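Residue strings, one per chain:
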Amino acid sequence: MTARPALRVLSLGAGVQSSALLLLAIERRIPRFDVAIFADTRWEPTEVYTHLDRLEKLSADAGIPVRRVSNGDLRKDALDPEHRFVSMPLFVLGKDGSRGLLRRQCTQEYKITCLKAEVRRLLGYPHPNRVPQDVYAEQAIGISVDEFHRAKDATVRYLRNVFPLLDLGWTRADCRTYLTSLGLGNTPRSACVGCPFHRDSEWIRLRDHDPVGWAEAVAFDEAIRHGHPRAPGIGATYYLHRSRQPLAEVVLKPGPNDDQIEGCSPWSCRSGSAVQEGRPR
């Protein structure tokens, strides 16, 4: 590889950690980025899009473009009987009472795939063109020290992951304090409206502060009860809430540590283990 990256990219989720990285670069407290890329599932809460608009203005003034890329509308695709099955980590209740969790591929399909495609395009080698071995992009990811175990190397040659918050020794709370000092203390968590990994505090926040998003989540939860037409449930029922009850009927009770929930980075989905990017191409 060359001594220097051909491109410096920020993977921008528009949550607390990645927003802090963008502002740090704007203030020149860390090396600046050539571009920030936001992978849009088209199902983020309203407050995330409002915050993203704000970041775009600040970033444009500093000469760092924010590019929004998308691989489709996750919510609509998941409900469209003509669309191929979208694998979300829905909670499953078998007719025999057994419990399970569907495999999660939505992060890969709706975030990581289009992030990688945009990096390849910006490098000048869109798929299926082969990226030369000595050409790569440095990709900054907003993982803080309280979730350092999620930091992983990229598995494709043309990406090299870096974690500036780890270098700074910053926690998520440090990022929040920094954003507050800049008047951005209301930076939201970034996660899809209907993410099954929401904890109760997040469902409560959605219900109480985003009635449109809450109505969408409830309607989606009802619509997926018996699975996708292309993936019949064979008697099983599916739910967004981990209790395996209809979302509209769940008695939501936030846990003692719910206020410490991290955001949903494309590269470290909150299912517990980091997303694997697949085999290099």
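Keep in mind the model is a prediction, meaning the values are calculated, not measured.

Engineer: Give me the lowdown on the side chain of Glu118, citing residues and values where you can.
Structural biologist: Within the fold, Glu118 resides in helix 4 (residues 106–123). Residue contacts for Glu118: discarding those within four places in its chain leaves Ile37, Arg67 and Val69.

Engineer: Could you give an account of helix 8 (residues 211–223), naming the residues involved and the relevant values?
Structural biologist: Its 13 residues place the ends of helix 8 18 Å apart at the C-alpha level, agreeing with the 18 Å of an ideal helix rising 1.5 Å per residue. Every buried residue of helix 8 is listed here: Gly213, Trp214, Ala217, Val218, Phe220 and Asp221. Buried residues in helix 8, looked at end-on, bunch into an arc of 165 degrees, giving them a common side. Along helix 8, exposed side chains directed more than 90 degrees from the buried face belong to Pro211, Val212 and Glu222. On its buried face, helix 8 is in contact with helix 3 (74–79), helix 7 (200–209) and strand 10 (237–239).

Engineer: Outline the pattern of salt bridges, supporting the account with residue identities and numerical values.
Structural biologist: Counted according to the given criterion, the structure contains nine salt bridges. Residue Arg68 is joined to Glu56 by a salt bridge in which the shortest nitrogen-to-oxygen separation is 2.9 Å. With Arg68 in strand 3 (residues 66–69) and Glu56 in helix 2 (residues 46–61), this residue pair connects regions lying 12 residues apart in the sequence. Judged by its relative accessible area of 36%, Arg68 falls in the partly exposed class. Here the salt bridges share partners, and the residues they tie into one network are Asp53, Glu56 and Arg68.

Engineer: An account of the pairing of strand 1 (residues 7–11) is requested, with residue identities and associated values reported.
Structural biologist: If a strand is regular, its side chains alternate between the two faces of the sheet. Among the five residues that make up strand 1, five are buried, leaving the element largely enclosed by the rest of the structure. Along strand 1, one buried face is formed by Leu7, Val9 and Ser11 and the opposite face, lined by Arg8 and Leu10, is buried too. Both strand 1 and strand 6 (residues 137–140) contribute to a ladder of four bridges, which runs parallel. Each bridged residue has a counterpart across the sheet, and for Arg8 the counterpart in strand 6 is Glu138. Pairing of strand 1 with strand 2 (residues 35–39), which is carried by three bridges, proceeds in the parallel orientation. Looking at the pairing, Leu10 lines up with Ala36 of strand 2. Tracing the backbone out of strand 1, into helix 1 (residues 16–26) and back to the parallel element strand 2 gives a crossover that is right-handed.

Scoring rules and cut-offs
Residues numbered from 1 in each chain as written. Predicted model: local features only at pLDDT ≥ 70, side-chain atom pairs only at ≥ 80, totals over all residues. Heavy atoms only, no water. Helix = DSSP H or I, 4+ residues; strand = E, 2+ residues; numbered from the N terminus. Contact = heavy atoms within 4.5 Å. Expected span 1.5 Å × (residues − 1). Buried < 20%, exposed > 50% of the residue type's maximum accessible area, 1.4 Å probe, protein only. Arc of directions from axis to C-beta. Salt bridge = Lys/Arg side-chain N within 4 Å of Asp/Glu carboxyl O. Pairing = 2+ DSSP bridges. Right-handed = clockwise from strand over helix to strand, strands pointing away.

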